Every structure is written in C-alpha cells, then in structure tokens.
Amino acid sequence: MALMLNGMGVSRGVAIGPVFILHRNQPEIIEKEIDRKNVAAEVRRFKSAHSAARKQLLKVRDAIPEGSPEDISAFIETHILMLDDSMLSSTPGDLIKHHHCNAEWALKLQRDAIVKVFESMNDPYIATRRDDVYHVFDRVLQALASGGKNREIDDTVSWKDQIIVADDLTPADTVLMQHHGVAGFVTEMGGPLSHTAILARSLNIPAIVGLTEARRYLKAGEQLVVDGSCGLVLADPDDQTIDHFHKRQREIRRKARELVKLTDAKPRTKSGEKITLLANIEIDDDLKLLRKVNAAGVGLYRTEFLYMHRKDIPDEEEHYKTYLKVLRALRGAPLTIRTVDLGADKEVEPVYTGPLAHNPAMGLRGIRLCLNDPSLFVPQLRAILRASAKGPIKIMFPMLTTVPELLQAIQLLENTKDTLRSKGIKFDNKIQVGGMIEVPAAAISAAHFAEHLDFLSIGTNDLIQYTLAIDRIDDQVNYLYDPLNPAVLALIKIVIEAGLKRKIPVTMCGEMAGNSEYTRLLLGLGLRNFSMPPNSILEVKNVLRGTNIATIRRHALALLRYSDRNKQVDLMAKLNA
Ligand code: PEP
Ligand code: MG
C-alpha cells in the first residue's frame, strides 16, 4: 500500500524512480590519551588524513562537468578553503601536542568549538553553514578511520534515475550525483537555505529536505514519487498514481519549454495593458538570470548582502563600485536601489551593537536604524548619488512608518546632494525617490506618502507579517501567512489607488508579486508594475498575456469582501480559469 510522507519541497519538479538509501556511517570518535613518546606519530597520522581528505576534494573538484552552475564549484572551493585554513590544517595538531589527545579527539574538540561560534550567530544562513563545518571535519575523520581511503560513492554502483534518500548530502556528494544522473533526492536534514537545497535548485533536481526519519520509512529499491513543489513523497504508489505523476512530469517539462519561448514576448495583457516586469536582485547570479528572462530592470536591489558575514561596515567606495558593476550588467535598464534594511530577520551586527530588542521586527530596523545612525546611512546615499551620474538609478527607502520619518530621510538625501554639489561631484539631479509600503500604518496613509514620493513599492512580505501579527520566519505561525486575507488585500488596494490618484507608479516587490497564482488578482486590483525573483518572470508574463482585465476585475474586487475560505477558493478559481 502506498505510503505518503511530507517534507519541505526545496526544488520544484517531479521525480519517479527506485529508492537508493545512502547510509553514511558517521565515523566513531573514540577519545584516547596518547603517550608523550607517541605524540609526534599521532600528529603525523592527523596530517596524512588531512592531506588524504584534501586530495579527495581536489578530485571531486576536477570531476565537475564543464558548464555546471557556478554554485557547485564555489561550494567545493569553500570546503577546500576550510581544509586549508589553519583552524583545520594546524590547530588539531597543536591540540594533540598540548593535550596529548588522539587525532579524532583533537578534531572533535576543534569542530565543536567552531560550531559553537556559528550557533551563537542569530542568522539562519550562517546557521546552515554549520553543516559545512561538519562535512569538512567528517571528511578528515573518515580519512583517519579508513587510513586515507576514498569515502566517495562507489563508482561500480549505478545511481542513474534513482532517488537518493540520505541523512544529509555534502556539496561533493551532490556533484557526484549530477554525474550519476540521479532523478531526485530526499534528505532527513537541511532547510531551504541549506547547500543541498541551493544546489538542487541550480541543478534542477527535484528535492525534498527535512523529512525526518525518511530512511526508517522508505525501503531500498521500492518505487518512489517525489514532488518537489509541495514536499510530497509517495512510496510504493499503484500504477494509476505513477501514470498520474508521469503525466505531471511531462506537463512540467512541456511548460518550462513553452515559457522559454516567451523570453522576447511583450509583457502585455490580452486587453492591451502594458505591464512592467522587473527583477528583485541580491547577488551576482541574479543578474545573470535577469538577463536570461529579459526583465525590464531591477525593481528591488537588496543591499543588505554588502553588510553580511563580515566584521566591518562597507564604505562609500565599496557601495559605489558595487552599484557601478550592477549598472554595467543592466546595460541601460533602470536600477532601483533600496537603502539598507538591516535588523529583524536581516543580520544587524556589526552595524548595531546596542541591546537587542525584545521584538526585533518591531525594533530599530530599516529606515529607523539608518536615521538613528547617519554615519551608516550617508555613505550609502553618497554612493547611490554618485552612481546615478553613470546610469538610471532610483532610490527607495524601506520600512517607512510615518511621514515625518520619510521627510527626515528626504532631508538627509537633500543635504547629501548639497555636499556633493559643493564639491563639484556629479549626480542625477532628478533622481527619483520611492518608498516601500510594508507597514500597515504606511499603507493606510499611502496618499500622504505619495505626496512626497516619485513612486511607491508594496513589500508584501513585511506588510503581511505586520498586518496579521505573525513573524515571517517563525514556523509555528506560518499557517497564518495569507496574502488573500481581506485585510491584506484592502491595504494593497489602498496603496494602488493612492498611486493612481497622485499619478505615480506603484510596484509590488514582495514574494506575492512573483507568484503567478496571484497575478490576475493583482491586475484586477489595478497593479501594473511587478518586481520578483528573476526565475518567476516568464511564468507571470505567461499569465498576464492571457488575461483580459475587464473580465477578471469583478472577481478580484469580490475577493476583498470575503474571509470565508470556500468562497475565496471559488473566486480564485474563477479568476484563474
Ligand atoms: C517585503 O517586505 O515584501 C520586501 C520585498 O522586503 P524584504 O523581503 O527584503 O523585507
Ligand atoms: Mg521588507
């Protein structure tokens, strides 16, 4: 009988194939004291295991097929760099010498000390990097246990078209898997930010992570269906179910091929309205994707990444050079730079070293933090202004709550312009200034904000969080996160209408804008500018090109009147029919 399990779908697509259970026995760590006379030999034992582990990784790096996504080699390089760092190449040797402990014990002491530092950092991305520490240390421990023999997957076993079920996978495992043509994978550990998840998405391998005890429930060789879109795993399905998923698989592949054909198509609705499709970007890879899907420009450039995983604060020059690089990549398309939105779910240190707020989402974040500390804000403003002399740049303030706060930010911008003028430094005198509407107070009074701004941008990720009083990264209340909540829709409508009345553009740059399920709803509410992750653009374009706004408007407006789930489902079905 079929068994259904649910995990976290992190890479879309359907995989069907037999289960291959990957048992990677963790090396046992026996803690032993070493006689003084054997210390030098134990250090040599550690060094030779370290060098064997390094050779293995170099071999994996050389096996990466040409044309593979850059992420892959970057992950392997990171592991090589970690191995080469003195924390792993020499500290364990020092520990053996000082404490007369065996190599395994020394590695464990060092690994635990590093993991402790990672865990003390309150950042979900860093927390997942802790896995890398385990992977690299395990590799040396395995080499110690096996006397330096290769721990990689046995080449005589065929993995082709199989679904790998493992506790966790290292980036090196994933490279080998791509080599072996695996159909998909399921892991017991990991989250959406884990390397396994990131790689699976880059490689387009359907994947599910965080399925605890998967290896207990699934049997080697049994048939498995993995639906990476919704996190569904079906073991031992009947023929009818397999047929259904084969069809779904073919349909997904066909759709992906169809979407690519839309790359050069105009983003125009069936009823003729011109829609602007912009991209949200954060890292270099987003820029490559943006070009691939022909986005009209950048509607949200998140600049927080410049501040992350480092001890110092980026200076004006670093900001400036980064913006010029992005401008060059955009080849004349507009770039909307959001001033830094640190705090809450976005790392604060080293920028803010004061007492931590009880409720960081409501504390000193975004524009509040910037206004509180102009020494943090002004170098970014100067860099944005200077870069605006070189290409079409707009500036956008995040987390606005009150109009006086906005006026204070505008005043700082004006003062910065005056300083540049007095020094003869060029910038775009007419640089457009926009504000993110992501706090309910700002949405309700959007008309007041619109009086002082050139454009508005709706940040639904935060707007939903604050409207429904749910922490956007708290798993326990995620079920309440609902873009269709009538209060959320009412606020979105208020903002769109405020823009229309003032004749300034309104964009939506929260995740809702990139979910094609909501495209018609948003068009019906009057939205004409969307900014989203680049890989959603073609899907949204496809929906809007098939939309006649006059036909769907009344269903969209009707959604504002209902909180009943059944009625909402019914109206959404009519909208998307
Ligand atoms: C938002 O809140 O919708 C948004 C786009 O900003 P971020 O997700 O970066 O907070
Ligand atoms: Mg936000």
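What counts, and at which threshold
Residues numbered from 1 in each chain as written. Chains lettered and ligands numbered in written order. Predicted model: local features only at pLDDT ≥ 70, side-chain atom pairs only at ≥ 80, totals over all residues. Heavy atoms only, no water. Helix = DSSP H or I, 4+ residues; strand = E, 2+ residues; numbered from the N terminus. Buried < 20%, exposed > 50% of the residue type's maximum accessible area, 1.4 Å probe, protein only. Core = buried A, V, L, I, M, F, W, Y, C linked by side-chain atoms within 4.5 Å. Contact = heavy atoms within 4.5 Å. Pairing = 2+ DSSP bridges. Axes fitted to C-alpha atoms, helices over the stretch in contact; angles between N-to-C directions. Salt bridge = Lys/Arg side-chain N within 4 Å of Asp/Glu carboxyl O. Donors = N, O, S within 2.8 Å, 3.2 Å for Na, K, Ca; no water.

Visitor: Any chance you could explain unusual backbone geometry here in plain terms?
Guide: Excluding glycine, residues mostly carry a negative phi; peptide bonds, for their part, are mostly trans. Here Arg331, not a glycine, exhibits a phi torsion of approximately 45 degrees, which is positive. If you trace the backbone, Arg331 turns up in the loop between helix H12 (316-330) and strand S11 (335-338). Although it is not a glycine, Lys503 sits at a positive phi angle of roughly 60 degrees. What makes Lys503 exposed here is its relative accessible area of 75%.

Visitor: Is there a simple way to think about the nonpolar core in this case?
Guide: Nonpolar side chains in soluble globular proteins tend to end up buried together. The biggest cluster of nonpolar side chains holds 102 residues, and the ones touching the most others in it are Leu335, Phe397, Phe449, Leu456, Ile492, Leu521 and Phe530. If near-sequence neighbours (up to four positions away) are discounted, Phe449 is found in contact with Leu400, Thr401, Thr402, Val403, Leu406, Ile437, Ala442 and Leu456. Core analysis: the second largest hydrophobic core is formed by 47 residues, Phe46, Val60, Val133 and Ala166 among them.

Visitor: How should I be thinking about the sheet that holds strand S9 (residues 276-281) in this particular structure?
Guide: Paired through backbone hydrogen bonds, the strands of a sheet run either parallel or antiparallel to each other. Taken together, the 8 strands give a closed barrel; going around it, the order is S9-S10-S11-S12-S13-S14-S15-S16, and neighbouring strands pair in parallel fashion. On average, adjacent strands in this sheet sit at an angle of 25 degrees to one another, irrespective of strand direction. Across 4 bridges, the pairing between S9 and strand S16 (residues 529-532) is parallel. By the bridge assignment, Thr276 is partnered in S16 with Asn529.

Visitor: What am I meant to see in the pattern of salt bridges here?
Guide: Where charged atoms from two side chains of opposite charge approach closely, those side chains can pair. Under the defined criterion, the tally for this structure stands at 27 salt bridges. Ionic pairing is found between Asp570 and Lys574, a salt bridge with its closest N-O pair at 3.6 Å. Highlighted residues: Asp570 and Lys574, both in helix H23 (residues 565-575), separated by 4 residues, approximately one helical turn. With relative accessibility at 33%, the residue Asp570 sits in the partly exposed group. Since its relative accessible area comes to 41%, Lys574 is described here as partly exposed.

Visitor: Help me understand the environment of Leu3, please; the structure alone is not making it clear to me.
Guide: Here Leu3 lies in strand S1 (residues 3-6). Here Leu3 is in contact with Tyr217, Val233, Leu234 and Ala235, once residues within four sequence places are set aside.

Visitor: Would you mind going over the pairing of strand S14 (residues 455-458) with me for this structure?
Guide: One face of the sheet, then the other: side chains in a regular strand alternate in exactly this way. Alternating positions in S14 separate into two faces, Phe455 and Ser457 on one and Leu456 and Ile458 on the other, with burial throughout. Pairing of strand S13 (residues 432-437) with S14 involves 4 bridges; the strand directions are parallel. The residue bridging Gly435 from the neighbouring strand is Leu456, located in S14. As judged from the 3 bridges shared by S14 and strand S15 (residues 506-508), these two strands associate in the parallel manner.

Visitor: Explanation requested: the coordination of the magnesium ion (ligand 2) in the structure shown.
Guide: Note on metal sites: the ideal angle is 109.5 degrees for four tetrahedral donors, and 90 or 180 degrees for six octahedral donors. Only Glu438 (OE) and Asp462 (OD) from the protein reach the magnesium ion (ligand 2) as donors, at distances of 2.0 to 2.2 Å. Within this pair, whereas Glu438 is found in the loop between S13 and helix H16 (440-444), its partner Asp462 is found in helix H18 (residues 460-467), the two being separated by 24 residues in sequence.

By themselves these figures say nothing about function.
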